[in-house]
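If you want the building blocks of each chain, they are given just below.
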Amino acid sequence: MFTAQGAPRAHYAALHARMLSLSPAELADRQRTLEQFFLLQGITFTVYGAGDATEQIIPTDLFPRIIPASEWTRIEGGLTQRLRALNAFLADIYSDQKILSDGVVPRDLVLGAPSYRREMHGVFVPHASYVNVSGADLIRGEDGTFFVLEDNLRVPSGVSYMLANRDAAKRTFPGTFRSSGVQPVERYPDLLLATLKSLAPEWRPDPQVVVLTPGVYNSAYYEHAYLARLMGAHLVEGRDLVVHDNIVHMRTTEGLQRVDVIYRRVDDDFIDPLSFRRDSGLGAAGLFNSYRAGNVVIANAPGTGIADDKAVYAYVPDIIRYYLDEDAILPNVKTYLCREPAQLDYVLANLDTLVVKAVGASGGYGMLIGPHASVAERETFAAQLRADPNNYIAQPTIQLSTAPCLVDGQIEPRHVDLRPFVLSGQKITVVPGALTRVALRRGSLVVNSSQGGGSKDTWVLTKRGSAP
Amino acid sequence: MMLARVADSLYWIGRYIERAEHRCRLSDVMLTSTLDQNDAAVAVARRAAHAIDEAQVATDQVSAQDIAHRLVLDDDDRGSVVTALSRARENARQVRDQITSETWERLNMLYLRVTSPSAERALSRGAASFLHGIIADLHLFKGAVDATMSHGQGWRFLLLGVYLERAQLIARLLKVCFGDVAGRALLEDHATQIAVLRMACALEPYLRVYTAEVRPRYLLEFLLFDEEFPRSVRFSTQRMEDHLTGLAGPGGAPGRSRPARLAARLSARLEFADMDEIFAPSALLSSVAEECASIHDAIYETFVSYPLEQRLPA
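This one's a predicted model, so the numbers in the text were calculated from it and none came from an experiment.

Enquirer: Would you explain the overall build of chain B in this entry?
Expert: Assigned secondary structure in chain B consists of 15 helices and 0 strands. A globule of 314 residues ought to have a C-alpha radius of gyration of about 20 Å, and chain B, at 20 Å, matches this closely. Reported as C-alpha extents along the three principal axes, the dimensions of chain B are approximately 65 × 50 × 35 Å. Relative to all contacts within chain B whose residues are 6 or more apart in sequence, the contacts with residues 24 or more apart total 68%. Per element, the accessible surface of chain B, about 13200 Å² overall, is 50% carbon and sulfur. Treating the 36 positive side-chain charges of chain B as one cloud and the 42 negative ones as another, the clouds have centres 3 Å apart.

Right, here's the structure in full:
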């Protein structure tokens, strides 16, 4: 929010002035109203802990984060470029595998990854658009450059918080919002629906789109229901689906109805017990065969996980150059692959400054933050690294940028990241907004909601609004 | 067209909501009757509480306050207001995309109110206002259902649940009063008659029809057969019939579906019944309960858990 000299950056000036004009009591009052709003709407996520599950509201911060138009243009261009390249990569990996033959990405790295789906070979994917919804995690480094930290191409969540935060922010700072010139995010649900419909074959003129959820006990259930409601689509569970003659139907009060496009919020492993995990009750038996036969579309396509594998991530700049003949607009974070002996040695020697992540894990689990870990923790982790180097990557510890947050009545800086959402069907659309996740614990760098993270609204300004 | 699972959830929201409301009213009347030191009315309330929940003790050993507590806040109990509202909300959460935000907010607010840590205190300190508040919120919920949801299938399933539950509850209440000698003896007292009418939220509408001259026979007639009173058994079955007729059957098959036929039959029976011919209301009341159970089963067979092989596309 502030320049190095301590003055508010130009696009924050209006908000800064407003913040100073409010007393601590007024701030607390607004915070309470905000929380009440979330609680009443049932905007909660489920935390599974010792034995029982509790519903909690995701901690939401009062102050929006603001991104000027010039920075946004770069982000938008960078994300579009990245997704085009990654879709091309997936299309290649699941057909001719030219990129592997040309030695740009190591063959064993791709074919040996658990997220690689042999079953997807030769499957027709509409518009060769494998990743229909993605939500990359970006971070802003010390010099103001945005880096891509993770691509999140499987089933990214959080978009409902982006929309709900916006709803709330309009109530909290109506005046500042109006005068700032903020780009709207409210069109996300209809853009999503249009994207999903664009995947249906032409001979199904009025495609039936459904959202597939694991059910009410899933921690992101609120979001599944929210999107289904705003799209006017049915929210189905695996038990509502029946596959007959390679065609997917849902059980309605009037009998079986054909389903054309499934926006699934269930992981690859669980969508079809006949093709993937046999113990899964979340999907529908025969779904994948119907998909292969071209009778139904699954979005995102199964097998996209290979392109957001943490080790493949290191090659994304090369992937962009290979398919698009362009340099990456948004840089990667420097990544050491522990599978390379030289890089492993470097990682082991510098454990106290690096962040080490397990390739297969997500959600902030299975990682070591070197500077914050004890010597003993580092030693245990080093042993794990030596035992199974293929499973780990390491990155320098990046000081995430901070944004002002209201914590216990005080305005304090907290680390934040940025998750914009990108839709890709017939064309690629970047929604002008994002979920800003906040590490609410002082000094913490972990923003995941399961580990004490919160969120705040993100205002992307129009060109007019960005002018000083 | 809607998902079978969704229809099921909406139907149960309706049932749980009605159940919660009835229990609130029962507790309220029971507690007021203790204040009035009207033992006969308290006894009827105890019997009514026992009738909807076997575990409730009908003897005098348990105080009215304890019974009310069980009816309202007991969370182990299968049928307390708290469990009914929690389940209604759980069902609503499962069909969150199918109900309007206004409806959801009302129900969620109710749920937060009865599950809040202060609910216990509120009930023991000021039962009347606490219960009255819940009932008023339930009315707001039903109002939101009517005013904001499309009057299509989902709405019909929800109201089907409300009216089916209501018909059963009123029939059960009447059975407590008219089913045996003990019940009829209790009902001879004027204040008890008033209490029973209040349990059915029927006092004022009754007075308009029969004036303050309360007779057990009129009371029975009103709660069973009145055409206009929304809580009479006849009115409820009539609405069930309307909603079932409005629901398209499997594959848009012509003619009435089985549940619609059953509801129409019950409703005709109540419509053409003659008060003078009813020598034993107990038998009629029992058959109302049985018919409601068959309608419930038929709804499931027709709309929710139908066998797949009959519905596969040709």
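Enquirer: For this particular structure, what's the right way to read the overall build of chain A?
Expert: Along chain A, the regular secondary structure elements total 14 helices and 24 strands. Taken over the C-alpha trace, chain A has a radius of gyration of 22 Å; the compact-globule value for 468 residues is 23 Å, and the two agree within 12%. Looking at chain A as a whole, 57% of its 468 residues qualify as buried. The contacts of chain A with a sequence gap of at least 6 include a subset with a gap of at least 24, amounting to 67%. Accessible surface, chain A as shown: approximately 18900 Å² in total, 50% of it carbon and sulfur. Seen as two clouds, the 46 positive and the 50 negative side-chain charges of chain A have centres 4 Å apart.

Enquirer: In this structure, what is going on with the pattern of salt bridges? I would like to understand it.
Expert: Pairing between side chains of opposite charge can happen when their charged atoms approach one another. Inspection of every chain in the model, using the stated rule, returns 46 salt bridges over all chains. Salt-bridge contacts for A:D61 lead to A:K456; the nearest nitrogen and oxygen are separated by 3.0 Å. Note that A:D61 is positioned in the loop between β2 (53–57) and β3 (65–67) and A:K456 in strand β23 (residues 453–456), a separation of 395 residues in sequence. Both residues of the pair, A:D61 and A:K456, count as buried. The partner of A:R277 in a salt bridge is A:D279, and the shortest N-O contact between them spans 3.1 Å. Given a relative accessible area of 57%, A:D279 falls into the exposed group. A single salt-bridge network, built from bridges that share partners, covers B:E18, B:E21, B:R25, B:K142, B:R166 and B:R231.

Enquirer: Can you help me understand the sheet that holds strand β12 (residues 261–264) of chain A in this one?
Expert: All names here are of chain A. An order of β8-β7-β12-β13 is seen for the 4 strands of this open sheet, with the pairing classed as parallel. With partners counted over all chains shown, the strands left at the sheet margins are β8 (234–236) and β13 (297–299), one partner each. Ignoring strand direction, the axes of neighbouring strands in this sheet form an average angle of 30°. Of the pairings in the sheet, the one linking strand β7 (residues 209–212) to β12 comprises 4 bridges and is parallel in character. Bridge pairing in β12 links V209 to V261. Sheet contacts for helix α9 (residues 221–231): β7, β8 and β12; angle to β8, the most-contacted strand, approximately 150°.

Reading guide: rules and limits
Residues numbered from 1 in each chain as written. Chains lettered and ligands numbered in written order. Predicted model: local features only at pLDDT ≥ 70, side-chain atom pairs only at ≥ 80, totals over all residues. Heavy atoms only, no water. Helix = DSSP H or I, 4+ residues; strand = E, 2+ residues; numbered from the N terminus. Rg over C-alpha atoms; globule rule 2.2 N^0.38 Å. Contact = heavy atoms within 4.5 Å. Areas by Shrake-Rupley, 256 points an atom, 1.4 Å probe, with all protein chains shown as cover. Lys, Arg positive; Asp, Glu negative; His and termini not counted. Charge placed at Lys NZ, Arg CZ, Asp CG, Glu CD. Buried < 20%, exposed > 50% of the residue type's maximum accessible area, 1.4 Å probe, protein only. Salt bridge = Lys/Arg side-chain N within 4 Å of Asp/Glu carboxyl O. Pairing = 2+ DSSP bridges. Axes fitted to C-alpha atoms, helices over the stretch in contact; angles between N-to-C directions.

Bear in mind that shape data such as this cannot, by itself, settle questions of function.
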